[in-house]
Amino acid sequence: MGVMFSFIVCNLRGATHSPVFSMDGDFVIGGVFAIHYNMMTEIHNHNTMPEPPKCTGRLNQLQYFCTELLPGIKLGYQIHDSCAAVPVAMQAAFQLSNGQDNVFYKDKNCSQSGRMVAVVGDSGSTQSIAISLIIGSFDIPQVSHFSTCACLSDKKQFPNFFRTIPSDAFQAVALAKLVKHFGWTWIGAICSDSDYGNNGMASFLKAAQEEGICVEFSESFLRSNPISKIQRVADLIRRSTAKVIVAFAGMGEMDVLLEELATKPSPSRQWIGSEAWITDTNLQRFTFCEGAIGFAIPKSNIPGLRDFLLDLSLTEVVASPVLTEFWEKTFKYTNTENIMIIYVHVIKSNILFFNEDLQKVPNDFILSSQLRITTMVYKAVYAIAHAIHNVVCVDKNATVLTALKKVNFTQNGYSVSFDTNGDPVAAYELVNWHKGESGNIDSLMRIILKIYFVPVSVCSDRCPPGTYKVLQKGKPICCYDCIKCPEGEISNTTDSSDCFPCPIEFWPNAERDSCHPKPVEFLSINETLAIILAFFSVGGACLAILTAAVFFHHRTTPIVRANNSELSFLLLFSLTLCFLCSLTFIGAPTEWSCKLRHSAFGITFVLCISCVLGKTIVVLMAFKATLPGSNVMKWFGPLQQRLTVVLFTFVQVLICTVWLVLRPPFPMKNFSTYKERIILECALGSAIGFWAVLGYIGLLAVFCFVLAVLARKLPDNFNEAKLITFSMLIFCAVWLTFIPSYVSSPGKFTVAVEIFAILASSFGLIMCIFAPKCFIILCQPKKNTKKYLMSKK
């Protein structure tokens, strides 16, 4: 009696989606690619089972893989079209996980098809996330060729995910640095409303902020959004003040957006593209995108691909709807009959002629050295093949998933390996769109920064040196006003956030972008004012000497002898010193000149006033002596007159000595009077000492004035007291006016006021006291007699 075996038979429910390409083998690699970009939408009546979703729309670049790494082992494949849609990608993932058998026998170890060991795909990050979450439960590794979302590097969520294209974490930083390189600090940003676009844009915005780049707007959208949404994004770009637009979007989104922008003219924009669309030749029909730049996957050559395409038989082309569509796209023929005519022509012609015709066709598959995305598929398949090789030949206890983590090989000059996150080493080409000779945007991508026109895209122009930035209220940090630096401060860099003061001896130039030494101001001998004052000073001294010479020549005449000629000569000597001491005030102050000018001025003026005071006392004593019984002149004779002058002068010498010993005047730089220049002057040292010197001179002058007033009405025909009264009146008026003028005059004019006071008072004395006598001596000699002088009026 035979042994009976019973198996539970399980059938797949629903209709399966047939792969676009498939071949059975010992090991099967699954493939999910966005061959088309749209999923056909159908309205279901819920009465019949719906058909599997179908793909439609533009044919994307075909992906291709083959390997000769495993001789003796048949490597199969099963390739599905995801239509760039998550539902279709998920159905393909479930179908790949189930296997290719429609009937499953429970408890039976034999399978009718090869083992599904890995999946290559998908193109979009969102689709890859959905696939990874499904096949990850079965420890089936997934190697994506075009999913760049940085989120897929998370091994806790996606332990089975690998990729041969760099993560967007690197591209986002590179794009931010590219924007910064051209000085674009005011940009607009758009992205696909998907995991790829949103995560990539988030990484870019973070990197842009670190680079000091401001974003005017950031919008996300999908190609499947209502047209009103697409129009709103397009209008936002048209109205934008930013002239640079960073687009982290897929080809589908860029296609619908650029179509909308093409409907209405808009200002020229500089487009910065991510790798998803910057190399799409279909988008190059939009000529207003000329100059677009971005990072792309490096292009490379795939050995054997060109020969494979040229060797396709007519039967193979006609039997595959996808290949048929591919040839229709390549040769612009729209039905199978025309394709058959092409092949008949090829068969009847020399094969070389056919090859030359293909080379004229603008298709990257024929020019196999221009491939970018397909190269990533090539690397993914070889990575899986190496992992299978290690499992079969090296470590039979390992899984393909474990072996993939250790893959490290070089194929056709390309290094392939994965880090702990399943990511490869990042490498990009910098590409730039520009017009060719035909006037259309050239499909040739260059690894150079050859931008024919670099626009300026900033919210605010850069602040030049001499200004600083003040942020505009309620706007990003890139929007600011340029404010001129305050007085006394500079900024010597562009876009300075603040100004800083110059050192105390420096002052900003007119542009306030550099500090220059302040001009030093003092009463220089080269100045007109100093020359005039010096002229009057020397002239006054010469006048005093000339007067002394006249008096000495006529020393025996009554008018000279009438009032103590000795005091007159001493007075003229002191006046000469008064005139000359004003010269010590001219020139740059030094330690010795500061000490000399005030002490010499104080002592010579006291000597002068003492002489005048002595002469006034002599006049009074002389009048008293004419009274009967008076002998007052013996108490105020020549000796007493000399002692009076010496005593009064000694007091001033004592005051000056104490001043010079304790706190003498010293040269100093005055920074407070003028901000923009330095006043070189003599500091008083002790204000008490200075005002004590002036006060003592004033005290003697007032005393002399009072005595002169008392003696002004004496009966002599020549009463010197009147002249002394008038001279003291001028002297006091000058020095009373000097005090407020000295205090209020700025800089070198303080010195000029003091010199003027010295000269004015000195001229007042010499003109009032000696000019009338000289007039009589020289012009009216008849009056120069004792009789005339003693006569009463």
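Data block above holds the structure.
Residues numbered from 1 in each chain as written. Predicted model: local features only at pLDDT ≥ 70, side-chain atom pairs only at ≥ 80, totals over all residues. Heavy atoms only, no water.

1. Structural notes on the overall build of the protein
A tally of helices and strands in the protein yields 22 helices and 27 strands. The buried share of the protein, taken over its 793 residues, is 48%. Put simply, of all contacts in the protein between residues at least 6 apart along the chain, 70% involve residues at least 24 apart. Carbon together with sulfur atoms contributes 61% to the accessible area of the protein, which is approximately 38800 Å² in total. (Helix = DSSP H or I, 4+ residues; strand = E, 2+ residues; numbered from the N terminus. Buried < 20%, exposed > 50% of the residue type's maximum accessible area, 1.4 Å probe, protein only. Contact = heavy atoms within 4.5 Å. Areas by Shrake-Rupley, 256 points an atom, 1.4 Å probe, with all protein chains shown as cover.)

2. Let's talk about the state of the cysteines
Summed over the entire model, instances satisfying the criterion amount to seven disulfides. One disulfide in the model links Cys149 with Cys151; its S-S distance is 2.4 Å. Judged by the sign of its S-S torsion, about 130°, the bond between Cys149 and Cys151 is right-handed. We classify Cys149 as buried; its relative accessible area is 0%. One disulfide in the model links Cys485 with Cys499; its S-S distance is 2.0 Å. Judged by the sign of its S-S torsion, about -75°, the bond between Cys485 and Cys499 is left-handed. (Disulfide = S-S within 2.5 Å.)

3. Quick look at the sheet that holds strand S11 (residues 186-192)
Within a sheet, each strand pairs with its neighbour through backbone hydrogen bonds, oriented either parallel or antiparallel. A sheet is described by the order of its strands in space; here six strands give the open sequence S12-S11-S13-S14-S15-S18, paired in mixed fashion. Where the open sheet ends on each side, the last strands, each with one partner, are strand S12 (214-221) and strand S18 (429-432). Along the sheet, successive strands turn relative to each other by an average axial angle of 20°, direction set aside. In the sheet, S11 pairs with strand S13 (residues 244-248) via five bridges, with the strands oriented parallel. (Pairing = 2+ DSSP bridges. Axes fitted to C-alpha atoms, helices over the stretch in contact; angles between N-to-C directions.)

4. A closer look at the side chain of Ser123
As for its placement among the helices and strands, Ser123 is situated in the loop between strand S8 (115-121) and helix H2 (125-135). Overall, the relative accessible area of 10% leaves Ser123 in the buried class. A polar contact is formed between the side chain of Ser123 and the backbone nitrogen of Ala34, at a distance of 3.4 Å. A distance of 3.4 Å separates polar atoms of two side chains, one belonging to Ser123 and the other to His145. Aside from chain neighbours lying at most four places away, what touches Ser123 is Val32, Phe33, Ala34, His145, Phe146 and Ser147. (Polar contact = N/O pair within 3.5 Å; in protein donor to acceptor, adjacent residues only side chain to side chain.)

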